[in-house]
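# Per-entry structural report
Listed here are the chains, written in short residue letters.
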Amino acid sequence: PPSVIGIFGITYRPDFPYYLQYNLNVQRELPGEFRLQAAYVGSRGIHLVRTGEANPFVPAFNRRTNPNLGSQVLMATDAQSFYSSGQLSLLRRFSNGLSTEASYTYSKSIDDQSGTFPSDYTSESGIAQNFYDRKGDRARSSFDRTHAFVLNYLYELPFFRGRPSAGGWGIGGVLTLLSSAPFTANLGSFNNSLTQSLVSADRPDLKPNAKPCAANSGDPDRWFDPTIFTLPAPGTFGNAGRNIMCGPALKNLD
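These notes cover the structure that comes with them. Predicted model only: the values in this text are computed from it and were never measured. (Residues numbered from 1 in each chain as written. Predicted model: local features only at pLDDT ≥ 70, side-chain atom pairs only at ≥ 80, totals over all residues. Heavy atoms only, no water.)

## Some words on the overall build of the protein chain
A count of helical and extended segments in the protein chain gives zero helices and 17 strands. The C-alpha atoms of the protein chain give 24 Å as radius of gyration, which overshoots the globular expectation for 254 residues (18 Å, by more than 25%). The dimensions of the protein chain, computed from C-alpha atoms along their principal axes, are 85 × 45 × 35 Å. Going through the 254 residues of the protein chain one by one, you find that 35% of them count as buried. In the protein chain, once contacts between residues fewer than 6 apart in sequence are set aside, the share between residues at least 24 apart is 70%. Summed over all atoms, the accessible surface of the protein chain reaches about 15,100 Å², with 59% contributed by carbon and sulfur. (Helix = DSSP H or I, 4+ residues; strand = E, 2+ residues; numbered from the N terminus. Rg over C-alpha atoms; globule rule 2.2 N^0.38 Å. Buried < 20%, exposed > 50% of the residue type's maximum accessible area, 1.4 Å probe, protein only. Contact = heavy atoms within 4.5 Å. Areas by Shrake-Rupley, 256 points an atom, 1.4 Å probe, with all protein chains shown as cover.)

Following this line, the structure appears as structure tokens:
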């Protein structure tokens, strides 16, 4: 029989992606030149891009969905995203040479795919494990940070204050504390599902009662315990979700 070709393509007549954004905030002046703000900020993305194998080999039928074509890695515009957050900030205006602001955000971002291309985030495969099960990839976004705290300050040194000829000297800094970002445990290039795709996004099975984030060791050479996973039966997809693992937190001071 003639050989079939595999391609990377995009869906015919793609829908235009768009976002709905909404927020509600309340501000309050406090004694001591402080200002407090509380806000709810949310958004929803519609017709976002996701990628996956649209013409998989089906072991049960011993052929591809369309046997006239090979692997078809397709970009479709049917993905969605959901973001919701509560935000608090406390600002002290410039007074006696000092200004400072502290902000805290508690949020959650969920989507079907976090980037347009597989290379956008190295913490996950960037393509659907099963293109025809979109909800099977719905999970925490690859950029999701549940907790985010930022403190910045600027202090104008008093012995140069009010002397333009001295150029003005000050000390400033930014402290950033972020909780862990998620990542996906997958089978690498091993195509256990036997889809014969040009790119593979197969995931393992998660053992019953296993808690993925609790399996973190904190060791950069072996961040998590791989024994919480098992290999699915050949020709099947793993039940481990996308982005169920927890990476390290971030603590940074400039």
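## Structural notes on the layout of surface pockets
Estimated volume of the largest pocket: approximately 240 Å³. If you list the elements that add at least two residues to the lining of the second largest pocket, you get β3 (34-53), β6 (72-95) and β7 (98-111). Residue classes in the lining of the second largest pocket are distributed as six nonpolar, eight polar and one charged. (1 Å grid on protein atoms, 1.4 Å probe; cavity = no way out; pocket = protein on both sides within 12 Å on 5 of 7 lines; lining within 4 Å. Points joined across faces, edges and corners; volume = space filled by probe spheres on them. Nonpolar A, V, L, I, M, F, W, Y, C, P; charged D, E, K, R; others polar.)

## Focus: a nonpolar patch on the surface
Together, Leu30, Leu36, Leu88, Leu90, Tyr104 and Tyr106 make up an exposed nonpolar region whose accessible area comes to about 500 Å². When contributions to the nonpolar patch are tallied by element, the ones reaching two or more residues are β6 and β7. With respect to the element layout, Tyr106 can be found in strand β7. The exposure class of Tyr106 is partly exposed, given its relative accessible area of 48%. (Patch = residues over 30% accessible without salt bridge, like charges linked within 9 Å, V, L, I, M, F, W, Y side chains within 5 Å. Salt bridge = Lys/Arg side-chain N within 4 Å of Asp/Glu carboxyl O.)

## Looking at the state of the cysteines
Taken as a whole and assessed by the stated rule, the structure comprises one disulfide. Through a disulfide, Cys213 is tied to Cys246; the S-S separation comes to 1.7 Å. Taking the sign of the torsion about the S-S bond as the criterion, the disulfide between Cys213 and Cys246, at about 60°, is right-handed. Pair noted here: Cys213 is in the loop between β12 (205-206) and β13 (216-219) and Cys246 is in strand β16 (residues 245-246), with a separation of 33 residues, a long-range link. The exposure class assigned to Cys213 is partly exposed, which follows from its relative accessible area of 33%. (Disulfide = S-S within 2.5 Å.)

## Section: the pairing of β7
The side chains of a regular strand alternate, first on one face of the sheet and then on the other. Relative to strand β9 (residues 147-156), β7 runs antiparallel, the two sharing nine bridges. Residue pairing across strands places Ser99 opposite Leu154, the latter belonging to β9. Alignment of β7 against strand β8 (residues 139-140), held across two bridges, turns out to be antiparallel. Considered in β8, the bridge of Ile110 is made with Arg140. (Pairing = 2+ DSSP bridges.)

## Some details on the side chain of Gln80
Examined against the element boundaries, Gln80 turns out to sit in strand β6. Take Gln80: its relative accessible area is 15%, and that puts it in the buried class. One polar contact links Gln80 to Arg44, side chain to side chain, over a distance of 2.4 Å. Excluding residues that lie within four positions of it along the chain, Gln80 makes contacts with Arg44, Gly45, Leu48, Ile110, Asp111, Asp112, Arg134 and Arg138. (Polar contact = N/O pair within 3.5 Å; in protein donor to acceptor, adjacent residues only side chain to side chain.)

## Some points on the pattern of salt bridges
What the rule picks out here adds up to eight salt bridges. Note that Asp78 is salt-bridged to Arg50, the shortest N-O span being 2.6 Å. With Asp78 in strand β6 and Arg50 in strand β3, the pair connects residues that are 28 residues apart, well separated along the chain. Relative accessible area serves as the criterion here: at 32%, Asp78 is assigned to the partly exposed category. For Arg242, the salt bridge goes to Glu124, with nearest N and O atoms at 2.8 Å. Remark: Glu124 occurs in the loop between β7 and β8 and Arg242 occurs in the loop between β15 (229-230) and β16; sequence separation between them is 118 residues. The class for Arg242 is buried, based on a relative accessible area of 4%. Connected via shared salt-bridge partners are Asp111, Glu124 and Arg242.

## Focus on unusual backbone geometry
Of note in this structure, Arg13 is not a glycine but carries a positive phi near 55°. Among the secondary structure elements, Arg13 is positioned in the loop between β1 (7-10) and β2 (18-30).

## A word on the packing of aromatic side chains
Here the structure, examined in full by the defined rule, presents five aromatic pairs. A centroid spacing of 6.4 Å and a plane angle of 20° characterise the contact between Tyr22 and Tyr40, whose relative ring orientation is stacked. Taken together, the residues Tyr22 in strand β2 and Tyr40 in strand β3 connect sequence positions 18 residues apart. Using a relative accessible area of 36% as the deciding quantity, one classes Tyr40 as partly exposed. Between Phe183 and Phe224 the ring centres are 5.9 Å apart and the planes differ by 50°, which places this aromatic pair in the tilted class. (Phe/Tyr/Trp six-rings, centres within 6.5 Å; stacked < 30°, edge-to-face > 60°.)

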